[in-house]
Amino acid sequence: MYLYFNYILGFKMGFTEDIAKLSERVRNRAEQVVGEEATKMALIVPFLSTLGYDVYDPSEVKPEYIADFAIKKAGQFEKVDYAIAINGSIVMLVEAKARGQKAEAHDGQLSRYFNGLITTKVAIVTNGVEYRFFTDLRDKNVMDKEPFFTFNILEYDTKDIENLKLFHRDNFDVASINQYAEEMVYVKGMTQLVGHLLRSPSEEFIRFLVAELGKVAPNYQIQGKITNKVIEKFKPIVKKSIQGSLVELMTRSLSQEIIQLSEVANTEEVEELDALEANDTKVTEESKIITTEEELKAFDKIRSIVTTSKNYHHDVYYKDTESYFSINLGKANWWFLRFYLSSSKKTFIARLSLEEAKYLAPEFTIQEVPSSASEVISKITISSVDDLDKLSQIIIKAYEAEASKHSLQKV
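Residues numbered from 1 in each chain as written. Predicted model: local features only at pLDDT ≥ 70, side-chain atom pairs only at ≥ 80, totals over all residues. Heavy atoms only, no water.

### Remarks on helix α11 (residues 293-306)
Helix length check: α11 (14 residues) gives 20 Å between terminal C-alpha atoms against 20 Å at 1.5 Å per residue, within 8%. For α11, the set of buried residues is Glu295, Ala298, Phe299, Lys301, Ile302, Ile305 and Val306. Take α11 and look down its axis: the buried residues cluster within an arc of 165 degrees, on one side only. Tucked inside the fold, the buried residues of α11 contact β9 (317-320), β10 (325-328), β11 (335-341) and α13 (392-405). (Helix = DSSP H or I, 4+ residues; strand = E, 2+ residues; numbered from the N terminus. Expected span 1.5 Å × (residues − 1). Buried < 20%, exposed > 50% of the residue type's maximum accessible area, 1.4 Å probe, protein only. Arc of directions from axis to C-beta. Contact = heavy atoms within 4.5 Å.)

Set out below in structure tokens:
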């Protein structure tokens, strides 16, 4: 009964549920919101809070932010409505419009800030209902003219929620966002292209298919040149073939193919993450990331605690980034703890479900956190790293769970 209660509690505290509640509030109050200031307080600030940012901490959510390089216009310095920081580094900028206005960047102010702040990789333009997310896919450190993702708080689907999780404070990772942004943009374009070709095959597409026929079997080889007459002949054949192929794909079992593709994808993901990890030294030198004494103290405590595991005995390592300080089992993506140790707030996340974490540490404040990898993880709030001594069970459990995923040798 205790575990079941915690499961229900965790479900209610989930990110999807939080967004649904916010959506309902926005729907009920939107018509009463007039002007930009009202839009900020009634619609945008609650949204930022739902994404896990402490809107009451001016070191994390900086309203009316003015950068060192800001220029004056009409006697006033240019500013952005909100600058969002994680551990002192500004990672997102928000430009607010009044509810009812179009969520479009129009005066260049936001892009100048984006281009000038090296650590900032996400810019948002919003009217409190529609949120348009921009990054720098075209040119590095230059804000794109078109958003890579648009989220409407009143009209969204499951995929939108999964994409939105990327921008949650506890998930925020520049490399992941860049990867997903590029994927979102090109998958959308490729889907439109493929859909158009399947509905109305172009002459070039038909010519390509006819030329490739001989690769299926020698008796399919088209003799001679592929003339316009041949193309006209094959138009209805290609359309019927496309329809037949789609029906076959929808009706036959794809389970084995999915398993094989998953294995390939996992291998490629590990290779990509290894490559990113290999480049971490360069990134660290460029951004001058400083590993604090507090973070090193946390690592020493973790390393000491995991040695008491009765099931596994493996070395642990740390990776320091601008957003978080993580503990892993030798590869960056094999992490089991991530720390966020700012002066005003100290938390860490563990790859454990909410019910597991609460069961192991009922006296601590623990919340469920949505993950971009569709796994359930938990955030634990601590007063100092000394609290880790009281959380040894959670630490060992997360350590062993990660070790078991990768079939590491047991003691």
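### A few points about the packing of α11 against α13
Between α11 and α13, the shortest axis-to-axis distance is 9 Å and the interhelical angle comes to 75 degrees. One element, α11, and the other, α13, form an angle in the roughly perpendicular class. Where α11 abuts α13, its residues Ile302, Ile305 and Val306 lie against Ser392, Ile395, Ile396 and Tyr399. A class-by-class count of the residues in the contact of α11 with α13 yields six nonpolar, one polar and no charged. (Axes fitted to C-alpha atoms, helices over the stretch in contact; angles between N-to-C directions. Parallel < 35°, antiparallel > 145°, perpendicular 65-115°, else oblique. Nonpolar A, V, L, I, M, F, W, Y, C, P; charged D, E, K, R; others polar.)

### A closer look at the sheet that holds strand β1 (residues 61-65)
Pairing within the open sheet is mixed, and its six strands lie in the order β1-β4-β5-β6-β7-β8. Strands with a single pairing partner mark the edges of an open sheet, and in this sheet they are β1 and β8 (149-152). Across the sheet, the axes of successive neighbouring strands diverge by a mean angle of 25 degrees, strand direction being ignored. Looking at chain direction, strand β4 (residues 80-86) and strand β5 (residues 89-96) are connected through five bridges and run antiparallel. Counted as the bridge partner of Ile84 is Met92 from β5. Packing of helix α4 (residues 109-116) onto the sheet brings it into contact with β1, β4, β5, β6 (122-126) and β7 (130-134), and relative to β6 it is tilted by some 165 degrees. (Pairing = 2+ DSSP bridges.)

### A closer look at the pattern of salt bridges
What the rule picks out here adds up to 24 salt bridges. Taking the shortest distance from any N to any O, the salt bridge between Asp54 and Lys345 comes out at 3.7 Å. A residue pair is termed long-range when its members are at least 10 positions apart, and Asp54 in the loop between α3 (36-50) and β1 and Lys345 in the loop between β11 and β12 (346-350) qualify at 291 residues. A relative accessible area of 23% means that Asp54 is categorised as partly exposed. (Salt bridge = Lys/Arg side-chain N within 4 Å of Asp/Glu carboxyl O.)

### Describing the layout of surface pockets
Empty space within the second largest pocket amounts to approximately 400 Å³. When residues of the lining of the second largest pocket are traced back to their parent elements, those giving at least two are α2 (15-29), α3 and β13 (366-370). Split into classes, the residues belonging to the lining of the second largest pocket amount to eight nonpolar, six polar and eight charged. Of the residues that make up the lining of the second largest pocket, three or more belong to each of domain 1 (6-189) and domain 3 (293-408). (1 Å grid on protein atoms, 1.4 Å probe; cavity = no way out; pocket = protein on both sides within 12 Å on 5 of 7 lines; lining within 4 Å. Points joined across faces, edges and corners; volume = space filled by probe spheres on them. Domains from an automatic or database assignment.)

### Remarks on the pairing of strand β14 (residues 376-382)
Here β14 lies mainly inside the structure; five of its seven residues are buried. Of the strand pairs in this sheet, β12 and β14 are connected by five bridges, and their pairing is antiparallel. Opposite Ile349, over in β14, you have Lys379 as the bridge partner.

### Some details on the packing of aromatic side chains
Applying the stated criterion across every chain, the model contains 15 aromatic pairs. Ring plane angle 20 degrees and centroid distance 3.8 Å describe the contact between Phe47 and Tyr131, whose orientation is recorded as stacked. Of this pair, Phe47 sits in helix α3 while Tyr131 sits in strand β7, and the two are 84 residues apart along the sequence. Assessed through its relative accessible area of 1%, Phe47 is described here as buried. For Tyr131, a relative accessible area of 2% puts it in the buried group. Here the aromatic residues Phe47, Tyr131, Phe133, Phe148, Phe149, Phe151, Tyr156 and Phe167 are joined through ring pairs into a cluster of three or more. Over the aromatic face of Tyr324 sits the side chain of Arg338, whose NZ or CZ is 4.0 Å from the ring centroid. (Phe/Tyr/Trp six-rings, centres within 6.5 Å; stacked < 30°, edge-to-face > 60°. Lys NZ or Arg CZ within 6 Å of the ring centre and 35° of its normal.)

### Topic: the nonpolar core
Of all hydrophobic cores here, the largest spans 46 residues; its most connected members are Met92, Phe133, Phe151, Leu164, Phe167 and Phe172. The dominant element in this core, judged by the number of residues it contributes, is α3, at six residues. If near-sequence neighbours (up to four positions away) are discounted, Phe167 is found in contact with Leu51, Tyr53, Met92, Val122, Phe133, Phe148, Phe149, Phe172 and Ile177. With 35 residues, the next largest nonpolar core counts Val316, Leu337, Leu360 and Leu388 among its residues. (Core = buried A, V, L, I, M, F, W, Y, C linked by side-chain atoms within 4.5 Å.)

### Regarding helix α6 (residues 174-199)
If you check α6, its first and last C-alpha atoms are 37 Å apart, about what 26 residues at 1.5 Å a residue would give, namely 38 Å. Looking only at α6, the buried set comprises Ile177, Ala181, Met184, Gly195 and Leu197.

### Quick notes on the packing of α2 against α3
Angle between the axes and distance between the axes: these two values describe a pair of packed helices. Orientation of α2 relative to α3, taken along the N-to-C sense of each, is 175 degrees, at an axis distance of 11 Å. One element, α2, and the other, α3, form an angle in the roughly antiparallel class. Here Phe15, Asp18, Ile19, Leu22, Val26 and Arg29 of α2 lie close against α3, whose contacting residues are Ala42, Leu43, Pro46, Phe47 and Thr50. Tallied by class, the residues present in the contact of α2 with α3 amount to eight nonpolar, one polar and two charged.

### Topic: the side chain of Asn163
With respect to the element layout, Asn163 can be found in helix α5 (residues 158-164). Asn163 gets classed as buried once you look at its relative accessible area, which sits at 6%. With sequence-adjacent residues up to four places away left out, Asn163 is seen in contact with Phe149 and Met184.

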